[in-house]
Amino acid sequence: MSRKKRFLLVLLILISVYTIYHIIDKINYNKYVSKSNDRVDMWEKDIDYLAYNLPKKHKDLFYKVSKDDFTNQIENLKKQIRNMEDDEIKMNIQKIIASIGDGHTSVNVSPRKIFPLQLYYFNDGIYVINTLDEHEEIMYNKLKEINGISIDNIIENVSLIVSHDNEFGLKNDLPLRIVSSEVLHGLGIIDNPDVAKFVFENQNKEILEVELESISGEKYFDNIFSKERKDAPLYMRNNDQYYWFEYLENEKTVYFKYSQCVNMKDKPFKEFSKELINFINSNDVEKFVIDVRNNGGGNSAILDGFINEISKNKLNKEDNLFVIIGRRTFSSAILNSISLKEKTKATFVGEPTGGKPNHFGEVKSFKLPNSQITINYSSKYFKHYKEDIPFLSPDKIIELTIDNYMKNNDPVLEYILSI
């Protein structure tokens, strides 16, 4: 048999296997679609579908939680469905998924209703960093309570539904969950998903009580989360671009922001990296800063060629090349950070990463048949370190404070420029 015929035969077999697999998957899916409009029946079938499919699809679902514990959680939830509201059921599904201990395996969260606060978890607490103009009096205030429940208790409860690899990933995800009406209602923190009483402490240690109404997720992301900040430090600028650079002439420094491991349509990364390398080589540059502190991942291979180029560059020295990492550095961005650590002499500055160097990833997803909730799961395991460390730690840890944020300061970049 010729090589061409062998190739066509293998291709035909692969297509046949793929087709058969998806036919079986479709039959399996339809088996769990509720034939009635009975709410309890619909949720039971969704939970059964989750229990059957997640262990089959995940790379190694029971690497941390035992099969018995997983099964017991499933069965306990099914017993309680009749006495639970939908939001409670959703939060209990998230608890089961979070207990697996894989930051990539999660329930796809897209809040329908959300309270008009953007929060950030600083070292000394959770503060308001953005809100609607009508609530300007609570800007930069520390959150103390919601509906009479202390923020410490709220953090403890909400942490149970957040899929995370380590404490820094949890710190990154908690602020958005805490203002989700669905989360607060489903965990019994608020009774009415439309309104809640928030208690804050201002800079003068004065207590402010504010009743807030929840808004649509669309309004939240358009008017609060995506709101441009005046005089913002470099790391908060150009959020519509996955990568860009700026020359700080007085400091003879090139600052390169890499916010997502994805190619931009109007300028593929290969084209961009040539411009960047050419600029470095043809200008008076003494320091080069690569900032991946807000990079949540994508395709790690995009940066591979660039890392090889930098490793051969004249700036590949301890006091000339810097990499900024942080709690939002996750997934493929961690893989890129590891490559930079292994192939260059860069000094790492910032916070520990929100994900683990050795981690599950290559995320795929499926929907629960009745509620249409999307479940993300890991299909691959990436091992890069002999020791299974919880995060990649910088050489110099520098954490952002509320004072830094209020004054539009970036203590990480300031430290690098001061060396």
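Residues numbered from 1 in each chain as written. Predicted model: local features only at pLDDT ≥ 70, side-chain atom pairs only at ≥ 80, totals over all residues. Heavy atoms only, no water.

In the nomenclature of an unreviewed UniProt entry, the chain is known as Peptidase S41 of Tissierella simiarum.

Draft legend 1. Focus on empty space enclosed by the protein. Within the structure shown, the criterion is met by one cavity of 30 Å³ or more. Lining the largest cavity, in full, are Q94, I97, A98, S106, V107, V109, I161, S163 and R177. Those elements that provide at least two residues to the lining of the largest cavity are α4 (86-98) and β1 (106-107). With three residues, the top contributor of residues to the lining of the largest cavity is α4. Looking at the lining of the largest cavity residue by residue, the class counts come to five nonpolar, three polar and one charged. (1 Å grid on protein atoms, 1.4 Å probe; cavity = no way out; pocket = protein on both sides within 12 Å on 5 of 7 lines; lining within 4 Å. Points joined across faces, edges and corners; volume = space filled by probe spheres on them. Helix = DSSP H or I, 4+ residues; strand = E, 2+ residues; numbered from the N terminus. Nonpolar A, V, L, I, M, F, W, Y, C, P; charged D, E, K, R; others polar.)

Draft legend 2. View of the sheet that holds strand β14 (residues 347-350). An order of β10-β11-β12-β13-β14-β17 is seen for the six strands of this open sheet, with the pairing classed as mixed. Every other strand in the sheet has two partners, leaving β10 (243-248) and β17 (396-397) as the edge strands with one partner each. As defined by bridge partners, β14 adjoins β17 across two bridges and the pair is classed as parallel. Within the sheet, the bridge partner assigned to V349 lies in β17 and is K396. Those strands touched by helix α11 (residues 332-343) are β11 (253-258), β12 (287-291), β13 (321-325) and β14, and its axis lies near 140° from that of β14. Across the sheet, helix α13 (residues 411-418) lies against β10, β11, β12, β13, β14 and β17, angled at about 160° from β12, the strand it touches most. (Pairing = 2+ DSSP bridges. Contact = heavy atoms within 4.5 Å. Axes fitted to C-alpha atoms, helices over the stretch in contact; angles between N-to-C directions.)

Draft legend 3. Quick peek at the pattern of salt bridges. Evaluated as defined, the whole model comprises 15 salt bridges. Between K356 and D388 there is a salt bridge; the shortest N-O distance is 3.2 Å. With a gap of 32 residues between them, K356 in the loop between β14 and β15 (359-367) and D388 in the loop between β16 (374-382) and β17 connect regions that are remote in the sequence. Each of K90, R112 and E182 takes part in salt bridges that share partners, so that together they form one network. (Salt bridge = Lys/Arg side-chain N within 4 Å of Asp/Glu carboxyl O.)

Draft legend 4. Seen up close, the packing of helix α2 (residues 39-57) against helix α3 (residues 67-80). Contact geometry for α2 and α3: axes closest at 10 Å, N-to-C directions at 170°. When the interaxial angle is binned, α2 and α3 end up roughly antiparallel. Listed contacts from α3 to E44, I47, D48, L50, A51, L54 and P55 of α2 are F70, I74, L77 and K78. (Parallel < 35°, antiparallel > 145°, perpendicular 65-115°, else oblique.)

Draft legend 5. Region of interest: the UniProt feature "coiled-coil region" (unreviewed entry) in the chain. The positions that UniProt labels "coiled-coil region" (unreviewed entry) are, in the present scheme, residues 67-94. End C-alpha to end C-alpha, residues 67-94 measures 17 Å, and it is 82% helix and 0% strand. (UniProt positions renumbered as here; feature names shortened; annotations may be inferred.)

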